[in-house]
Amino acid sequence: MPELPEVDAVKESLKKQILNKTIRQVDVTWPSMVKHPEDRKRFEQMLVHQTIQDIDRKGKFLIFRLDDYALVSHLRMEGKYFVYTEEEPKDKHTHVIFRFNDGSSLHYNDVRKFGTMHLFDNGREHEEKPLSQLGPDPVEEHFTGEYMQKRLQKTTRRIKPVLLDQSVVAGFGNIYVDETLYRAKIHPERLSPSLSEEEVERIVAEGKKVIREAMEAGGSTIRSYARSDGAQGEFQTRLFVYGKEGEPCPGCKRPIMKTKVGGRGTHLCYYCQE
DNA sequence: GCGGCGACCTGTGCGC
DNA sequence: TGCGCACAGGTCGCCG
C-alpha cells in the first residue's frame, strides 16, 4: 500500500476529479470491506444523494467529506481508485462503485481485498476507530523530537515496530521506515530506551524529510500502486535501501542487506546503521 | 505491554 | 510449460 505520500497523491488527484459530484447509486460487491455500518445495503443507501464536499487525509486514511457523512477509506496494500467519465464495465478486482449524477463514476479496485471503508455521521469520524487511534502525521508540527522522546521512554520495543505503530505516528509504512532509519544511521533493532536525545531528533528530522520529499515527488510507485489519474510517483528512484538488497550502500559501498524485524522485511546497511 | 504468529486475499516470481 | 512455494507496501486479534 500506499503509505502517507501515496495516499496524499491519491487525495490530490481525486480532488481534481470528483469534488462537487453527487452520488446517484453505490454498489458494493465485496461486502466485508465495509466495516461500518455493518449492513452493506444501509451503507449504499446512506450515500445516495450525498455530494462530495471535500477530500482529506489523516495518516494513511482518506476521508471523503459528504453533506451528512464522512467516508473513511483505507487502501491497505493494493487499493486503488479509478475515475471514469462514462459507463465502464466492472473490473474483476473492483469491489465498490460510486455512480454520480453526471454519468461519471468512481471505482474502488483492490486485488487483495484488504482495504476498508467506514461511514460515520459528520464529526463522529474522529471519535471512532480507526481514526481515533491515530498519532500525529509526520508532517504535523506536533510530531517533534520532544514528542518522540516521551513516546519512546514509555516502551521497551525496538525502534522499527514503534515507527510502524500508527498510534505513535500515523503514516510511516515499511518503505519509509527503512529509508528514515538508513538516513538517520540508526539500526532498526535498536531498543527505544537506548536512543539518545540526539538520535531521536535525527530520526524525527529524517522522517519528516523522507515523507516531505516523497510527497513532493507524488509518492513511490511499487508494483501495484497507481494514482487515480494514472500518473505514477517518482520517489522510488530516490530510495536508498528499500528493495536494494545486494546493491552497494550509497555511503560505504558495502552491500545492502535484507533481514526480518518484527516479522517485516527490513533493508539496511549493517556498517552505516548503529 | 511485548513479540510472534495467523488471518484477511490474490498475484508474482523463483527454483525445480 | 507447469507446479509448489515464499513473499508482498497493512492491520487486527489471539496467544504465551
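By the naming in an unreviewed UniProt entry, chain A is Formamidopyrimidine-DNA glycosylase, taken from Salimicrobium halophilum. UniProt lists a comment for chain A under the heading Sequence similarities (unreviewed entry), and it reads "Belongs to the FPG family."

What surrounds DNA strand B is a group of 13 residues, the closest being His-93, Val-111, Arg-112, Lys-113 and Thr-155. A share of 73% is what sugar and phosphate atoms reach among the atoms of DNA strand B within 4 Å of the protein. His-93 has a polar side-chain atom sitting 3.0 Å from a phosphate oxygen of DNA strand B. Note that a phosphate oxygen of DNA strand B is positioned 3.2 Å from one of the side-chain N or O atoms of Arg-158.

This part covers the packing of aromatic side chains. The full count for this structure, using the stated rule, is five aromatic pairs. Relative to Tyr-84, the ring of Phe-82 lies with its centre 6.4 Å away and its plane at 35 degrees, an arrangement referred to as tilted. Among the residues examined, Phe-82 registers a relative accessible area of 22% and is labelled partly exposed. What makes Tyr-84 partly exposed here is its relative accessible area of 24%. Above the plane of the ring of Trp-30 lies Lys-113, whose end atom (NZ or CZ) is 3.6 Å from the centre. Sitting over the face of the ring of Tyr-271, Arg-254 holds its NZ or CZ atom 3.9 Å from the ring centroid.

Following the UniProt record, the feature "domain: FPG-type" (unreviewed entry) maps to residues 240–274 here. Secondary structure over residues 240–274 splits into 0% helix and 29% strand, and the C-alpha atoms at its two ends are 17 Å apart.

Each assigned domain of chain A is listed with its residue range as follows: domain 1 (4–133) and domain 2 (145–268). Inter-centroid distance (C-alpha atoms) of domain 1 to domain 2 is 28 Å. With 19 residues of domain 1 in contact, the opposing surface of domain 2 contributes 20 residues. Between domain 1 and domain 2, roughly 1,500 Å² of surface is buried when both sides are summed, and carbon and sulfur atoms account for 58% of that area.

This paragraph deals with helix H1 (residues 4–18). Given a rise of 1.5 Å per residue, 15 residues ought to cover 21 Å, and the 21 Å separating the end C-alpha atoms of H1 matches this to within 8%. With respect to burial, H1 is a largely interior element, eleven of its 15 residues being buried. Taken together, the buried positions of H1 are occupied by Leu-4, Pro-5, Glu-6, Val-7, Asp-8, Ala-9, Val-10, Lys-11, Ser-13, Leu-14 and Ile-18. At the C-terminal side of H1, Asn-20 shows a positive phi close to 70 degrees.

Now for the pairing of strand E3 (residues 54–58). Pairing analysis gives five bridges linking E3 to strand E4 (residues 61–65), with the strands arranged antiparallel. Bridging from a neighbouring strand, Ile-55 pairs with Phe-64 of E4. The loop that links E3 with its antiparallel partner E4 comprises two residues; one of these, Gly-59, has a positive phi angle of about 55 degrees.

Here the structure, examined in full by the defined rule, presents one cavity of 30 Å³ or more. Empty space within the largest cavity amounts to approximately 40 Å³. Every residue along the wall of the largest cavity is listed here: Ile-23, Leu-47, Ile-52, Phe-64, Leu-66, Leu-71, Phe-98 and Leu-106. Taken together, the residues of the lining of the largest cavity sort by class into eight nonpolar, no polar and no charged.

Reading the values: rules and limits
- Sequence order as written defines residue numbering, which begins from 1 separately in each chain.
- In the order they appear in the text, chains get letters beginning with A and ligands get numbers beginning with 1.
- Given that this is a predicted model, residues contribute local features only at a pLDDT of at least 70 and side-chain atom pairs are listed and counted only at 80 or more, while totals for whole chains, interfaces and linings are drawn from all residues.
- No hydrogens and no water enter the side-chain calculation; it runs on all heavy atoms of the structure.
- UniProt positions are given in the numbering used here, feature names are shortened, and annotations may be inferred rather than shown by experiment.
- The near set for a molecule or strand comprises every residue that places at least one heavy atom within 4 Å of it.
- Pairing of N or O atoms within 3.5 Å defines a polar contact, subject to two protein rules: one partner must be a possible hydrogen donor and the other a possible acceptor, and residues neighboring in sequence count only if both atoms are side-chain atoms.
- Stacked, tilted and edge-to-face pairs are distinguished by plane angle, under 30 degrees for stacked and over 60 for edge-to-face with tilted covering the rest, among Phe, Tyr and Trp rings (Trp via its six-membered ring) whose centres lie within 6.5 Å.
- Partly exposed describes any residue whose relative accessible area lies between the buried limit of under 20% and the exposed limit of over 50%, with all areas from a 1.4 Å probe on protein chains only and scaled to the type maximum.
- Here, a charge over a ring is recorded when the distance from Lys NZ or Arg CZ to the ring centre is within 6 Å and its angle to the ring normal is within 35 degrees.
- Each helix is a run of H or I in the DSSP string that is no shorter than four residues. Each strand is a run of E no shorter than two, and both are numbered from the N terminus.
- For every domain, the bounds stem from an assignment made automatically or drawn from a database.
- In what follows, residue pairs with any heavy atoms lying within 4.5 Å of each other are defined as contacts.
- Defined here as a combined quantity, buried area equals the accessible surface (1.4 Å probe) lost by two parts on assembly, summed across both.
- Helix span, as expected, comes to 1.5 Å for every residue beyond the first.
- The pairing criterion for strands is at least two bridges between them, as found by DSSP.
- Here a cavity is any set of points on a 1 Å grid over the protein atoms alone where a 1.4 Å probe fits but cannot get out, and a pocket is any open set with protein on both sides within 12 Å along at least 5 of 7 lines; a residue lines the site when it has an atom within 4 Å of a point.
- Grid points are joined across faces, edges and corners, and a volume is the space filled by probe spheres set on the points.
- Only Asp, Glu, Lys and Arg are considered charged in this grouping, and only Ala, Val, Leu, Ile, Met, Phe, Trp, Tyr, Cys and Pro are considered nonpolar; every other residue, Gly among them, is considered polar.

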